[in-house]
Amino acid sequence: MAEFAVYFLIEKLTVLSIEKVKLFKGVRTDFEFVRDELERMTAFLRVADSFEESDPELKVWFKQVREMAYDTEDVIDVFLLRSTHDHGRHGIHGFLGELYFSIKKFKSTRKVASEIRSIISRLRNIAEGHQRYHYKLSIQEQGSSSSFVDYSVTDGRGDALLLEEGELVGIDHHKQSLIRLLMKEDPRLKLISVVGMGGLGKTTLVKRVFDDSVVKKHFQSHAWLTVSQLFKIEDLLKDTIQQLFDEIKQPLPEGIGSMNSNRLKEIIREFLRGRRYVLVFDDVWSIPAWEAIKYALPKENHGSRIILTTRLINVASSSCIETDGFVYELKPLSEEESWTLFCRKTFQGNSCPHHLIEICSNILRHCGGLPLAIVAIGGLLATKNTSRVGEWEMLNHSLQPELEDNDELESMKNILLLSFNDLPYYLKPCFLYLSIYPEDHLIEHNTLIRLWITEGFVKQKEGRTVEEVAEGYLNELINRSLIFMVKTNDDRSLKYGQIHDLYREVILSKAREQNFVTTASEQKMMWPSRVRRLSIHNALEHAKKGTYGTRVRSLLTFGVTDLQSMLNILQLLSSFRMLKVLSLKDVPLMTVPKAIFTMFHLRHLSLRNTKVKVLPGSIKKLKKLETLDLKQTYITELPVEILELHRLSHLLLYRHVVYSYLPYDCTDGFKAIKGIGGLISLRKLGYMEASCGSDTIKEISMMTELRRLCLTKLRREDGMAICSSIEKLHNLRSLNLKSTGENEVLDLQYLSSPPPFLQRLYLTGCIEKFPIWIRSLQNLIKVYFRWSKLRDDPLQYLQDLPNLVHLEFLVGFTGEELCFKAGKFQRLKLLDFDKLEPLRRVIVEKGAMPHLEKLVIQRCNLLERIPQGIEHLIELKVVEFFDMPDEFIMTMDPRRLGDDYCKVAHIPEVYYTFWRDGGWEIYSLEQNPADVIRTQGRRNSL
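Residues numbered from 1 in each chain as written. Predicted model: local features only at pLDDT ≥ 70, side-chain atom pairs only at ≥ 80, totals over all residues. Heavy atoms only, no water.

1. Overview of the overall build of the protein chain
And step 1. Along the protein chain, the regular secondary structure elements total 29 helices and 29 strands.
And step 2. A sequence separation of at least 24 residues applies to 63% of the contacts in the protein chain between residues at least 6 apart.
And step 3. In the structure as shown, the protein chain presents an accessible area of about 40,400 Å², 51% of it carried by carbon and sulfur atoms. (Helix = DSSP H or I, 4+ residues; strand = E, 2+ residues; numbered from the N terminus. Contact = heavy atoms within 4.5 Å. Areas by Shrake-Rupley, 256 points an atom, 1.4 Å probe, with all protein chains shown as cover.)

As structure tokens, this is what we get:
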């Protein structure tokens, strides 16, 4: 990690030289000396990094190198800050201003000279240690663990859900046992505690039980709650209410945000009364935690069940006493299961090479049957060359002394630490940076990529953009099982991820040790004297006093919503002038803090989900700003001064519609600004209103770096201008166009050469004729039509797209029949028809959509029956009939459906849903639709 700090400083010193910042000759010479000396160290630093943990003296030397690099960076950044001034004044005032600045610059440069000479003295002492350790270590014996390995083009999907994949080994009998316990005929409320040490797969096992179709059908209400160590009872109760109400598509009770825990418990009890429910409370750490939860649950004789996972046997047994429940103790894997899992991860399911069997057996033996430990080591070994036996033997020997301790949890931490130490130098800061996130926090793919880039962890490589390089880093961390997927995009790439809590413990410890990230939470804690990156979780009790201002480079907040914490943070901001990253997401700000506009080095600013309504023109002072995230704020107009931010690459400003039934629905974004085409570095622009006319739309053609473009309020007369602009955006990956209203024509007939790499296309507006150019988009993954009202069959233009996996139509077709031809839509996985009012028949020929997994049909009032040929869709897992007419639902009566019922019987989940009494009623196919309608009455109109 010291190598990274030095590398970053060398780059800054090089830029300082290239930009020809005015310095005294002697000062420039000193800077060049520092740079040259550091460059001589870098190769040694990279190799010696893997020995830092095992050599205490080397660890001290690394710390000295890091601190020297940080101090030098501080000197440079403070000098650059003091060197900035306004050149716009003229006359006597301008002359006096220049004179004052020259004197100030002279004093600043002299101070720099003094500080840099002090650093040179430190550097000479450090360099002596460099020579000593260079002699001590044998570089020739270093393996690939410290060499550069480029995984940037690795497919991240293979090992993405590592824990889930791993626990398939030996999990089936546990799953069936738990299901039997859940389904056992006993009307009393029962609690099942699944207990075992960390890493045994308790959560994974229970999640598979919870998601099982039999369990889903047996219980009327379901909720999954993650408790963790620092949970807040109010947040947990609100999450429970959110899941229960979302499941039946009902709006949340008014005023829920301000309710106390007692009122929240009353709402849960009232909701669950009379229902058969199953609730999972995952990762419970104490008896008081369970005591705080249990009083929200009605104890009625409807056969409801609660599942609790915990690492502590006393929590498991105590929670089961009142309900005469069952403690289910999860055991480690057997030797055979462990070997199967190890080979699956290490050798991608192949057999272990004969010459490595003994070594691997020894390594595996020390893992003690813990799936997490086996997977961690397997992921580490999977990157090594099987012909280099010495590397495998080295790992085997280093594991043995670490795993002999009886404290299994500590042993597992040591294994995970080995995984960290084995990371290439360029991945270590990326992984360590994840310590900014709170426990169980969902890591958003796009935000993480932008933060990595802003922090300087990712360097552009020839032939690839910096985003593509960062994507490769993320894929490698996924393949090493250090990040696992929670939610994926249509192409199965990561959308939201998490790190296991044990991995988080490891990197939190490392981040504190190396002063990489300081985490502040509600718990009182001592901050280190040199805070570099500060992550505030939930609250900040006091604004810590100290000389942190010139050292802190990043400040991020998570879940800080109270007024006092906000005031404490604002107090800190007044001294944090060196920030590069500032994220105030969720903080209840009403205005943009003035202190922000003094942050000369700021590159990433997020005010997402704040209450800010106006962005001041002072934003022009942030000349280095690259990302401006204003999502979910109340800003609708941007100041013209934003056009002076020539480095801006991501401009994000829009609000999602709360409780919207429609996907991808957002309110209008911001009003277009004349001259916005001058922001030629923009890569992401959304959502911009096109109400200023075609001239502004034409300017978009200048933004040739755009990857994502979202425009709203388009009119028919804008058609030629928007088509002309889009044709020049060759790097575009996502395009979202929305007209002014449902009947406004979205005229795209002028587009003949669409962006060749386009992957996602969202068209919202009346399209009189299908855009023929769409069928040339070979990289297209997702297509969404809304309000298009097409007369000609759109399938003929889409059916041969080789990568299309997601297709949706909302009021998108006015014909009576859609036929999916044999051999077409070969990769389609999700198909959604919504409000295709004239549609009467859907025909699926054998061989069409062979990989379709989910079919949704909504509000198609004239559809006569389920799709003909649905039995051909052999990979179909979910079918939803959403708000269909009673006549359609009645045809699903098993007594009338006949053979068609058998055709859908192979599908695990078949639902039909309709609106009644202000909420969505959801039923499975096994519940007789005709009986439901007769018992509950006809549905209301939507």
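Structure's up, so let's keep going.
2. A look at the environment of Y634
And step 1. By the secondary structure assignment, Y634 is in the loop between β14 (627-629) and β15 (650-652).
And step 2. Judged by relative accessible area, which is 42%, Y634 ranks as partly exposed.
And step 3. In this structure, the C-alpha to C-alpha distance between Y634 and R608, residues 26 residues apart in sequence, is 10.0 Å.
And step 4. If we skip the residues at most four places from it in the chain, Y634 touches T610, K611, V612, K613 and R655. (Buried < 20%, exposed > 50% of the residue type's maximum accessible area, 1.4 Å probe, protein only.)

3. Here we look at the pairing of strand β1 (residues 190-195)
And step 1. Among the six residues of β1, six are classified as buried, and the element is accordingly described as predominantly covered.
And step 2. Both faces of β1 are covered, namely the face carrying K190, I192 and V194 and the face carrying L191, S193 and V195.
And step 3. Summarising the sheet, β1 and strand β4 (residues 305-310) pair through six bridges and their orientation is parallel. What sits directly across from V194, in β4, is T309.
And step 4. With four bridges connecting them, β1 and strand β5 (residues 326-329) associate as parallel partners. Its bridge partner lying in β5, S193 is registered against V327. (Pairing = 2+ DSSP bridges.)

4. Digging into the environment of H302
And step 1. Inspection of the secondary structure puts H302 in the loop between α11 (287-294) and β4.
And step 2. Along the primary structure H302 and L189 are separated by 113 residues, whereas in three dimensions their C-alpha atoms are 7.3 Å apart.
And step 3. Each residue touching H302, except ones within four places of it in the same chain, is listed here: P187, G274, R275 and R276.

5. Remarks on the sheet that holds β5
And step 1. Read from one edge of the open sheet, five strands run β2-β3-β4-β1-β5, paired in parallel fashion. The open sheet is flanked by β2 (221-226) and β5, the only strands paired with a single partner. Neighbouring strand axes in the sheet, compared pairwise and without regard to direction, differ in orientation by 15 degrees on average.
And step 2. Two strands pair when backbone bridges link them, and β2 and strand β3 (residues 277-284) are joined in this way by six bridges, in the parallel orientation. In the sheet register, W224 faces β3, and the bridge partner there is V280.
And step 3. Against the sheet, helix α12 (residues 313-321) engages β1, β3, β4 and β5, with an angle of about 170 degrees to β1. (Axes fitted to C-alpha atoms, helices over the stretch in contact; angles between N-to-C directions.)

6. Some details on the environment of I449
And step 1. Tracing the backbone shows I449 in helix α19 (residues 445-455).
And step 2. Residues I449 and V469 lie 20 residues apart in sequence; the distance between their C-alpha atoms is 9.7 Å.
And step 3. When sequence neighbours within four positions are dropped, the list of residues in contact with I449 reads A470, E471 and L474.

7. Some words on the sheet that holds strand β6 (residues 443-444)
And step 1. Taken together, three strands build an open sheet; the order of strands is β6-β8-β7 and the sheet is antiparallel. Of all the strands in the sheet, the pair left with one neighbour each is β6 and β7 (484-488).
And step 2. Here two bridges tie β6 to strand β8 (residues 494-498), and the two strands are oriented antiparallel to one another. Residue pairing for β8: I443 is matched across the bridge by G497.

8. As for the pattern of salt bridges
And step 1. Per the counting criterion, the structure on display carries 43 salt bridges.
And step 2. Salt-bridge contacts for K175 lead to D212; the nearest nitrogen and oxygen are separated by 3.3 Å. Here K175 is found in helix α6 (residues 172-183), whereas its partner D212 is found in the loop between α7 (202-211) and α8 (213-218), with 37 residues between them in sequence. The pair K175 / D212 is uniform in exposure class, with both members buried.
And step 3. In this structure, the salt-bridge partner of E705 is R707, at a minimum N-O distance of 3.5 Å. (Salt bridge = Lys/Arg side-chain N within 4 Å of Asp/Glu carboxyl O.)

9. Overview of helix α22 (residues 563-573)
And step 1. Among the residues making up α22, those that are buried are S565, M566, N568, I569, L572 and L573. When α22 is viewed along its axis, its buried side chains cluster within an angular range of 160 degrees and face the same direction.
And step 2. For α22, the secondary structure elements touched by its buried residues are β10 (533-537), β11 (554-558) and β12 (581-583). (Arc of directions from axis to C-beta.)

10. As for the confidence of the model for the protein chain
And step 1. On average, residues of the protein chain carry a pLDDT of 81, and 79% of them reach 70 or more.
And step 2. Segment residues 86-101: pLDDT under 50, and eight contacts once partners within four positions in sequence are set aside and those in other chains are kept.
And step 3. pLDDT under 50 marks residues 138-167. Its contacts with residues more than four places away, or in other chains, come to 66 contacts. (pLDDT = per-residue confidence, 0-100.)

11. Brief notes about the packing of α6 against α7
And step 1. At a minimum axis distance of 10 Å, the contact between α6 and α7 shows a crossing angle of 55 degrees. With respect to α7, the axis of α6 lies oblique. Seen from above, α6 lies across α7 with right-handed handedness. Each of H174, K175, L178, I179 and L182 in α6 lies in contact with α7, whose residues at this interface are L205, R208 and V209.
And step 2. Split by residue class, the contact of α6 with α7 holds five nonpolar, one polar and two charged. (Parallel < 35°, antiparallel > 145°, perpendicular 65-115°, else oblique. Left-handed = near helix turned anticlockwise from the far one by under 90°. Nonpolar A, V, L, I, M, F, W, Y, C, P; charged D, E, K, R; others polar.)

12. Details of unusual backbone geometry
And step 1. G686 connects to Y687 through a cis peptide bond whose omega is -10 degrees.
And step 2. In this structure, K249 is a non-glycine residue whose phi angle is positive, near 60 degrees.
And step 3. Note that K249 resides in the loop between α9 (233-247) and α10 (261-272).
And step 4. A positive phi angle, close to 65 degrees, is found at D440, a residue other than glycine.
And step 5. The class of D440 is partly exposed, set by a relative accessible area of 34%.

13. Points about the packing of aromatic side chains
For any pair of aromatic rings, geometry is given as the distance between the ring centres together with the angle between the planes.
And step 1. Evaluation of the coordinates by the stated rule reveals 20 aromatic pairs.
And step 2. An angle of 75 degrees between the planes, with centres 5.3 Å apart, marks the rings of Y433 and F457 as edge-to-face. Residue Y433 is found in the loop between α18 (428-432) and β6, and its partner F457 is found in the loop between α19 and α20 (466-479); the two are separated by 24 residues along the sequence.
And step 3. In textbook terms, an aromatic cluster arises when at least three aromatic residues are bridged by ring pairs, as seen for F770, F785, Y797, F809, F820, F825 and F833.
And step 4. Positioned above the aromatic ring of Y426 is the side chain of K461, whose terminal nitrogen or guanidinium carbon lies 5.7 Å from the ring centre.
And step 5. In this arrangement the basic side chain of R533 is found over the ring face of F516, its NZ or CZ atom lying 4.3 Å from the centre. (Phe/Tyr/Trp six-rings, centres within 6.5 Å; stacked < 30°, edge-to-face > 60°. Lys NZ or Arg CZ within 6 Å of the ring centre and 35° of its normal.)

14. A look at α9
For the α-helix, the turn length of 3.6 residues means that residues three or four positions removed from each other point alike.
And step 1. In this model, α9 (15 residues) spans 21 Å end to end at C-alpha, consistent with the 21 Å of a helix rising 1.5 Å per residue.
And step 2. Among the structural elements, β2, α10, β3 and α11 are those in contact with the buried residues of α9.
And step 3. At the exit of α9 stands K249, carrying a positive phi of roughly 60 degrees. (Expected span 1.5 Å × (residues − 1).)

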